[in-house]
Amino acid sequence: MARRPDSLEALRKGGKAALARALSAVETDAADPGLDVLLDAACAAPGGRVLGLTGPPGVGKSTLTNALIRHYRARGESVGVIAVDPSSQLTGGALLGDRTRLVTDPEDDCVFVRSMAARDRLGGLSDHAVAAIVLMRAVMDRVIVESVGVGQSEGDVAHVSDVLALCIQPGSGDSLQFMKAGVMELPDLVVVTKADMGGLAARARADVAGALSLARPPDARTLPEVIAVSATSGEGLDEMTTACDALFARLERDGGLAALRARQARHHVADAIRVRFGRVGTGLVDMDAALAREGGPFSAVSALDRDLRARLGAQADQP
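Parameters at a glance
Residues numbered from 1 in each chain as written. Predicted model: local features only at pLDDT ≥ 70, side-chain atom pairs only at ≥ 80, totals over all residues. Heavy atoms only, no water. pLDDT = per-residue confidence, 0-100. Contact = heavy atoms within 4.5 Å. Disulfide = S-S within 2.5 Å. Pairing = 2+ DSSP bridges. Helix = DSSP H or I, 4+ residues; strand = E, 2+ residues; numbered from the N terminus. Axes fitted to C-alpha atoms, helices over the stretch in contact; angles between N-to-C directions. Parallel < 35°, antiparallel > 145°, perpendicular 65-115°, else oblique. Nonpolar A, V, L, I, M, F, W, Y, C, P; charged D, E, K, R; others polar. Buried < 20%, exposed > 50% of the residue type's maximum accessible area, 1.4 Å probe, protein only. Polar contact = N/O pair within 3.5 Å; in protein donor to acceptor, adjacent residues only side chain to side chain. Patch = residues over 30% accessible without salt bridge, like charges linked within 9 Å, V, L, I, M, F, W, Y side chains within 5 Å. Areas by Shrake-Rupley, 256 points an atom, 1.4 Å probe, with all protein chains shown as cover. Salt bridge = Lys/Arg side-chain N within 4 Å of Asp/Glu carboxyl O.

S.K.: Could you give an account of the confidence of the model for the protein, naming the residues involved and the relevant values?
M.R.: The predicted model of the protein has a mean per-residue pLDDT of 84, with 82% of residues at 70 or higher. Here residues 87–99 is modelled with pLDDT under 50, and outside its nearest four sequence neighbours on either side it reaches 31 contacts, counting other chains as well.

Right, here's the structure in full:
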(Lines give C-alpha, C1' and ligand atoms only; values in the text may rest on other atoms or scores of the structure.)
Protein backbone atom coordinates (compact mmCIF):
# COMPACT_ATOMS: atom_id res chain seq x y z
CA MET A 1 0.00 0.00 0.00
CA ALA A 2 1.34 3.43 -0.93
CA ARG A 3 2.56 5.53 1.98
CA ARG A 4 1.41 9.00 2.76
CA PRO A 5 3.52 11.79 1.19
CA ASP A 6 6.49 12.65 3.39
CA SER A 7 6.88 16.27 2.27
CA LEU A 8 4.81 19.19 1.07
CA GLU A 9 6.41 18.90 -2.36
CA ALA A 10 5.36 15.24 -2.60
CA LEU A 11 1.85 16.16 -1.48
CA ARG A 12 1.55 18.76 -4.22
CA LYS A 13 3.02 16.54 -6.93
CA GLY A 14 0.98 13.49 -5.95
CA GLY A 15 -2.43 14.97 -6.77
CA LYS A 16 -5.66 13.63 -5.33
CA ALA A 17 -4.17 10.24 -4.47
CA ALA A 18 -1.45 11.77 -2.30
CA LEU A 19 -3.95 14.08 -0.60
CA ALA A 20 -6.25 11.13 0.10
CA ARG A 21 -3.39 9.19 1.70
CA ALA A 22 -2.38 12.18 3.81
CA LEU A 23 -5.94 12.70 5.02
CA SER A 24 -6.26 9.01 5.87
CA ALA A 25 -3.05 9.23 7.89
CA VAL A 26 -4.49 12.16 9.83
CA GLU A 27 -7.41 9.98 10.93
CA THR A 28 -5.57 6.70 11.50
CA ASP A 29 -1.94 7.49 12.35
CA ALA A 30 -1.99 10.74 14.30
CA ALA A 31 0.91 9.57 16.52
CA ASP A 32 3.36 9.52 13.58
CA PRO A 33 5.91 12.32 14.28
CA GLY A 34 6.58 12.65 10.56
CA LEU A 35 2.96 13.62 10.08
CA ASP A 36 3.41 16.57 12.46
CA VAL A 37 6.31 17.78 10.30
CA LEU A 38 4.17 17.55 7.16
CA LEU A 39 1.26 19.35 8.84
CA ASP A 40 3.49 22.14 10.13
CA ALA A 41 4.97 22.62 6.65
CA ALA A 42 1.45 22.80 5.19
CA CYS A 43 0.42 25.24 7.92
CA ALA A 44 3.33 27.55 7.09
CA ALA A 45 2.59 27.53 3.34
CA PRO A 46 0.58 30.50 2.02
CA GLY A 47 -1.89 28.17 0.36
CA GLY A 48 -5.42 28.75 -0.82
CA ARG A 49 -8.25 30.71 0.70
CA VAL A 50 -10.59 29.08 3.20
CA LEU A 51 -14.32 29.84 3.19
CA GLY A 52 -16.32 28.52 6.13
CA LEU A 53 -20.05 27.90 5.76
CA THR A 54 -22.08 27.60 8.93
CA GLY A 55 -25.78 27.63 9.69
CA PRO A 56 -28.55 25.31 10.86
CA PRO A 57 -29.30 21.93 9.25
CA GLY A 58 -31.50 22.22 6.19
CA VAL A 59 -30.45 25.76 5.35
CA GLY A 60 -28.91 24.61 2.06
CA LYS A 61 -25.17 24.58 2.82
CA SER A 62 -24.54 21.51 0.64
CA THR A 63 -26.50 22.95 -2.29
CA LEU A 64 -24.56 26.19 -1.95
CA THR A 65 -21.29 24.27 -1.76
CA ASN A 66 -22.16 22.50 -5.01
CA ALA A 67 -22.81 25.85 -6.68
CA LEU A 68 -19.54 27.29 -5.36
CA ILE A 69 -17.58 24.29 -6.64
CA ARG A 70 -18.99 24.81 -10.14
CA HIS A 71 -18.33 28.56 -9.95
CA TYR A 72 -14.69 28.23 -8.90
CA ARG A 73 -13.98 25.41 -11.33
CA ALA A 74 -15.37 27.56 -14.16
CA ARG A 75 -12.74 30.12 -13.16
CA GLY A 76 -10.04 27.46 -13.42
CA GLU A 77 -9.45 27.24 -9.67
CA SER A 78 -8.96 24.00 -7.74
CA VAL A 79 -11.40 23.34 -4.90
CA GLY A 80 -11.17 21.23 -1.75
CA VAL A 81 -14.17 20.61 0.49
CA ILE A 82 -14.31 19.42 4.07
CA ALA A 83 -17.90 18.46 4.88
CA VAL A 84 -18.24 18.01 8.64
CA ASP A 85 -21.09 15.81 9.81
CA PRO A 86 -22.57 14.78 13.15
CA SER A 87 -20.91 11.69 14.59
CA SER A 88 -22.29 8.23 15.10
CA GLN A 89 -22.42 7.47 18.82
CA LEU A 90 -21.41 3.87 18.00
CA THR A 91 -18.53 4.25 15.56
CA GLY A 92 -17.56 7.90 15.83
CA GLY A 93 -17.83 8.18 12.05
CA ALA A 94 -19.72 10.75 9.99
CA LEU A 95 -23.42 10.07 10.50
CA LEU A 96 -25.01 11.76 7.51
CA GLY A 97 -22.20 11.57 4.96
CA ASP A 98 -22.36 15.08 3.52
CA ARG A 99 -20.15 13.96 0.66
CA THR A 100 -23.10 12.01 -0.79
CA ARG A 101 -24.97 15.30 -1.25
CA LEU A 102 -22.12 16.93 -3.19
CA VAL A 103 -22.09 16.19 -6.90
CA THR A 104 -18.60 16.31 -8.42
CA ASP A 105 -16.80 14.76 -11.37
CA PRO A 106 -14.56 11.94 -10.06
CA GLU A 107 -12.29 12.45 -13.07
CA ASP A 108 -11.66 16.09 -12.17
CA ASP A 109 -8.28 16.19 -10.44
CA CYS A 110 -8.94 19.75 -9.26
CA VAL A 111 -11.85 18.88 -6.95
CA PHE A 112 -11.51 16.90 -3.75
CA VAL A 113 -14.31 16.34 -1.22
CA ARG A 114 -13.88 14.73 2.18
CA SER A 115 -16.54 13.99 4.80
CA MET A 116 -15.30 14.09 8.39
CA ALA A 117 -17.03 13.47 11.70
CA ALA A 118 -17.39 16.18 14.31
CA ARG A 119 -16.71 13.45 16.90
CA ASP A 120 -17.45 14.69 20.41
CA ARG A 121 -16.65 18.33 19.73
CA LEU A 122 -19.48 20.71 20.60
CA GLY A 123 -17.76 23.41 18.57
CA GLY A 124 -18.13 21.33 15.43
CA LEU A 125 -14.52 20.59 14.36
CA SER A 126 -12.31 17.76 15.58
CA ASP A 127 -8.50 17.99 15.60
CA HIS A 128 -8.55 15.71 12.56
CA ALA A 129 -10.75 18.14 10.62
CA VAL A 130 -8.44 21.04 11.46
CA ALA A 131 -5.45 19.06 10.16
CA ALA A 132 -7.36 18.15 7.00
CA ILE A 133 -8.18 21.79 6.33
CA VAL A 134 -4.51 22.74 6.72
CA LEU A 135 -3.48 20.04 4.22
CA MET A 136 -6.15 21.02 1.71
CA ARG A 137 -5.37 24.73 1.78
CA ALA A 138 -1.71 23.96 1.06
CA VAL A 139 -2.56 22.36 -2.29
CA MET A 140 -5.92 23.86 -3.36
CA ASP A 141 -6.79 27.37 -4.54
CA ARG A 142 -10.05 27.31 -2.58
CA VAL A 143 -11.12 25.34 0.45
CA ILE A 144 -14.76 25.24 1.56
CA VAL A 145 -15.50 24.03 5.08
CA GLU A 146 -19.15 23.05 5.41
CA SER A 147 -19.84 22.84 9.12
CA VAL A 148 -22.08 20.38 10.90
CA GLY A 149 -24.71 22.98 11.74
CA VAL A 150 -25.39 22.26 15.39
CA GLY A 151 -26.46 25.74 16.45
CA GLN A 152 -25.19 28.66 18.50
CA SER A 153 -22.26 26.88 20.13
CA GLU A 154 -20.69 25.89 16.81
CA GLY A 155 -17.85 28.37 16.69
CA ASP A 156 -14.83 26.26 15.77
CA VAL A 157 -15.25 26.90 12.05
CA ALA A 158 -14.49 30.58 12.73
CA HIS A 159 -10.99 29.56 13.89
CA VAL A 160 -10.06 27.82 10.63
CA SER A 161 -11.71 30.11 8.08
CA ASP A 162 -10.24 33.13 6.36
CA VAL A 163 -13.81 34.22 5.66
CA LEU A 164 -16.85 32.86 7.49
CA ALA A 165 -20.32 32.95 5.92
CA LEU A 166 -23.40 32.38 8.06
CA CYS A 167 -26.24 30.84 6.06
CA ILE A 168 -29.84 31.65 6.98
CA GLN A 169 -32.96 30.55 5.14
CA PRO A 170 -36.18 32.47 4.57
CA GLY A 171 -38.98 31.74 7.01
CA SER A 172 -36.57 30.44 9.67
CA GLY A 173 -37.81 32.82 12.35
CA ASP A 174 -38.42 36.44 13.21
CA SER A 175 -35.73 39.03 13.74
CA LEU A 176 -35.41 38.01 17.40
CA GLN A 177 -33.99 34.67 16.28
CA PHE A 178 -31.27 36.45 14.33
CA MET A 179 -30.22 38.53 17.34
CA LYS A 180 -28.99 35.57 19.40
CA ALA A 181 -25.55 36.20 20.81
CA GLY A 182 -22.76 33.95 19.62
CA VAL A 183 -23.65 33.14 16.04
CA MET A 184 -24.25 36.70 14.89
CA GLU A 185 -20.94 37.87 16.34
CA LEU A 186 -18.91 35.49 14.17
CA PRO A 187 -19.58 35.90 10.43
CA ASP A 188 -17.78 38.07 7.92
CA LEU A 189 -20.68 37.61 5.53
CA VAL A 190 -24.33 36.57 5.91
CA VAL A 191 -25.98 34.60 3.12
CA VAL A 192 -29.75 34.31 2.89
CA THR A 193 -30.24 31.06 0.96
CA LYS A 194 -33.13 30.14 -1.33
CA ALA A 195 -33.40 33.68 -2.69
CA ASP A 196 -35.83 32.37 -5.32
CA MET A 197 -38.50 32.37 -2.57
CA GLY A 198 -39.02 36.05 -3.36
CA GLY A 199 -40.72 38.07 -0.64
CA LEU A 200 -39.76 35.67 2.16
CA ALA A 201 -36.09 35.98 1.18
CA ALA A 202 -36.31 39.77 1.02
CA ARG A 203 -37.92 39.83 4.49
CA ALA A 204 -35.20 37.57 5.92
CA ARG A 205 -32.50 39.75 4.39
CA ALA A 206 -33.99 42.87 5.96
CA ASP A 207 -34.42 41.17 9.34
CA VAL A 208 -30.82 39.96 9.39
CA ALA A 209 -29.45 43.35 8.40
CA GLY A 210 -31.39 44.96 11.23
CA ALA A 211 -30.38 42.32 13.77
CA LEU A 212 -26.70 42.66 12.91
CA SER A 213 -26.72 46.31 13.94
CA LEU A 214 -27.89 45.24 17.41
CA ALA A 215 -26.10 41.93 17.90
CA ARG A 216 -22.57 42.89 16.82
CA PRO A 217 -20.11 44.08 19.49
CA PRO A 218 -20.06 47.87 20.01
CA ASP A 219 -16.43 48.09 18.82
CA ALA A 220 -17.13 46.34 15.51
CA ARG A 221 -15.87 48.64 12.77
CA THR A 222 -18.02 47.23 9.98
CA LEU A 223 -21.12 45.06 9.70
CA PRO A 224 -21.13 41.97 7.50
CA GLU A 225 -22.71 42.32 4.11
CA VAL A 226 -26.02 40.45 3.74
CA ILE A 227 -26.48 38.75 0.37
CA ALA A 228 -29.44 36.73 -0.93
CA VAL A 229 -28.35 33.70 -2.97
CA SER A 230 -30.21 31.01 -4.84
CA ALA A 231 -27.86 28.09 -5.41
CA THR A 232 -30.30 26.49 -7.86
CA SER A 233 -30.85 29.51 -10.13
CA GLY A 234 -27.48 31.15 -9.54
CA GLU A 235 -29.05 34.40 -8.37
CA GLY A 236 -26.66 36.29 -6.10
CA LEU A 237 -23.81 33.79 -6.50
CA ASP A 238 -21.54 36.23 -8.33
CA GLU A 239 -22.32 38.85 -5.69
CA MET A 240 -21.40 36.41 -2.93
CA THR A 241 -18.09 35.32 -4.47
CA THR A 242 -17.18 38.93 -5.28
CA ALA A 243 -17.81 39.86 -1.63
CA CYS A 244 -15.69 36.92 -0.49
CA ASP A 245 -12.85 37.93 -2.82
CA ALA A 246 -12.99 41.48 -1.45
CA LEU A 247 -12.76 40.14 2.10
CA PHE A 248 -9.82 37.91 1.16
CA ALA A 249 -8.07 40.84 -0.52
CA ARG A 250 -8.61 43.03 2.53
CA LEU A 251 -7.07 40.32 4.70
CA GLU A 252 -4.01 40.06 2.48
CA ARG A 253 -3.25 43.75 2.82
CA ASP A 254 -0.83 44.82 5.54
CA GLY A 255 -0.09 41.27 6.69
CA GLY A 256 -3.63 40.61 7.88
CA LEU A 257 -3.77 37.06 6.54
CA ALA A 258 -0.46 36.07 8.13
CA ALA A 259 -1.65 37.48 11.47
CA LEU A 260 -4.95 35.59 11.16
CA ARG A 261 -3.19 32.30 10.39
CA ALA A 262 -0.88 32.83 13.39
CA ARG A 263 -3.92 33.31 15.66
CA GLN A 264 -5.49 30.19 14.19
CA ALA A 265 -2.32 28.18 14.90
CA ARG A 266 -2.19 29.35 18.49
CA HIS A 267 -5.89 28.62 18.98
CA HIS A 268 -5.36 25.08 17.70
CA VAL A 269 -2.63 24.49 20.28
CA ALA A 270 -4.65 26.02 23.12
CA ASP A 271 -7.80 24.12 22.19
CA ALA A 272 -6.04 20.77 21.78
CA ILE A 273 -4.36 21.04 25.18
CA ARG A 274 -7.56 22.22 26.88
CA VAL A 275 -9.55 19.29 25.45
CA ARG A 276 -6.93 16.76 26.58
CA PHE A 277 -5.88 18.19 29.94
CA GLY A 278 -8.49 20.77 30.91
CA ARG A 279 -7.81 24.14 32.46
CA VAL A 280 -5.23 22.74 34.86
CA GLY A 281 -3.06 21.42 32.07
CA THR A 282 -3.49 24.59 30.02
CA GLY A 283 -2.21 26.66 32.94
CA LEU A 284 0.94 24.57 33.25
CA VAL A 285 2.37 25.19 29.78
CA ASP A 286 3.79 28.08 27.79
CA MET A 287 2.10 27.70 24.42
CA ASP A 288 3.89 30.59 22.73
CA ALA A 289 7.27 29.19 23.73
CA ALA A 290 6.27 25.74 22.46
CA LEU A 291 5.16 27.18 19.13
CA ALA A 292 8.45 29.03 18.71
CA ARG A 293 10.54 26.06 19.82
CA GLU A 294 8.78 23.35 17.81
CA GLY A 295 8.33 25.35 14.63
CA GLY A 296 4.60 24.75 14.16
CA PRO A 297 1.32 24.07 15.97
CA PHE A 298 1.08 20.34 15.34
CA SER A 299 4.57 19.57 16.64
CA ALA A 300 3.88 21.94 19.54
CA VAL A 301 0.73 20.02 20.50
CA SER A 302 2.60 16.70 20.42
CA ALA A 303 5.48 18.09 22.49
CA LEU A 304 3.18 19.63 25.10
CA ASP A 305 1.13 16.43 25.21
CA ARG A 306 4.22 14.35 25.98
CA ASP A 307 5.39 16.85 28.58
CA LEU A 308 2.07 17.02 30.41
CA ARG A 309 1.58 13.26 30.39
CA ALA A 310 4.99 12.86 31.98
CA ARG A 311 4.37 15.57 34.57
CA LEU A 312 0.81 14.67 35.46
CA GLY A 313 0.81 11.00 34.80
CA ALA A 314 -2.28 11.78 32.77
CA GLN A 315 -4.15 9.21 30.76
CA ALA A 316 -5.86 11.77 28.55
CA ASP A 317 -7.87 10.64 25.59
CA GLN A 318 -6.09 10.63 22.26
CA PRO A 319 -7.60 13.09 19.74
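Structure shown, so let's carry the discussion forward.
S.K.: Go over the state of the cysteines with me, naming the residues and quoting the values.
M.R.: Put plainly, a disulfide is one covalent bond tying together the sulfur atoms of two cysteines. Counted under the stated rule, the structure contains 0 disulfides. No disulfide involves C167; its sulfur sits 9.9 Å from that of C244, the nearest cysteine.

S.K.: Let's hear about the sheet that holds strand β2 (residues 79–85): which residues, and what values?
M.R.: If you trace the 7 strands from one edge of the open sheet to the other, you get β3-β2-β4-β1-β5-β6-β7, paired in parallel fashion. Among the strands making up the open sheet, the edge pair consists of β3 (111–117) and β7 (225–228). Direction aside, neighbouring strands of the sheet carry axes that sit 20° apart on average. Relative to strand β6 (residues 189–192), strand β5 (residues 163–168) runs parallel, the two being bridged by 4 bridges. Looking at the pairing, I168 lines up with V192 of β6. Packing of helix α8 (residues 237–252) onto the sheet brings it into contact with β1 (49–54), β4 (142–146), β5, β6 and β7, and relative to β1 it is tilted by some 125°.

S.K.: Which residues make up the packing of helix α3 (residues 33–44) against helix α11 (residues 297–312), and what values do they have?
M.R.: Direction vectors running N to C along α3 and α11 enclose 140°, while the axes themselves pass 7 Å from each other. By the criterion of interaxial angle, the relationship of α3 to α11 is oblique. Seen from α3, the contacting residues are D36, V37, L39, D40 and C43; seen from α11, they are P297, F298, S299 and S302. The class makeup of the residues in the contact of α3 with α11 is 5 nonpolar, 2 polar and 2 charged.

S.K.: Lay out the side chain of S299 in plain terms, naming residues and giving numbers.
M.R.: Along the polypeptide, S299 turns up in helix α11. Assessed through its relative accessible area of 15%, S299 is described here as buried. Ignoring any residue separated from it by four or fewer positions in sequence, one finds S299 in contact with D36, V37, D40 and E294.

S.K.: Which residues make up the side chain of S230, and what values go with them?
M.R.: The topology assignment puts S230 in the loop between β7 and α8. Among the polar contacts listed, one links the side chain of S230 to the side chain of D196, at a separation of 3.0 Å. Within the local environment of S230, its side chain forms a polar contact with the side chain of S233, the two groups lying 3.0 Å apart. Beyond its immediate stretch of four places on either side in the chain, S230 contacts K194, A195, D196 and E235.

S.K.: I'd like a description of the environment of P33, backed by residues and values.
M.R.: Tracing the chain through its elements places P33 in helix α3. We classify P33 as exposed; its relative accessible area is 58%. Along the backbone, P33 and S299 are 266 residues apart, and their C-alpha atoms lie at a distance of 7.7 Å.

S.K.: Which residues make up the pairing of β6, and what are the values?
M.R.: Where burial is concerned, the two faces of β6 agree: the one with L189 and V191 and the one with V190 and V192 are both buried. Of the strand pairs in this sheet, β6 and β7 are connected by 4 bridges, and their pairing is parallel. Counterpart to V191 in the pairing with β7 is I227.

S.K.: Would you mind going over a nonpolar patch on the surface in detail, with residue names and values included?
M.R.: Taken together, the side chains of V280, L284 and L312 define a hydrophobic patch exposed on the protein surface, amounting to about 260 Å² of accessible area. Positionally, L284 belongs in the loop between α9 (256–283) and α10 (287–294). Residue L284 is classed as partly exposed on the basis of its relative accessible area of 37%.

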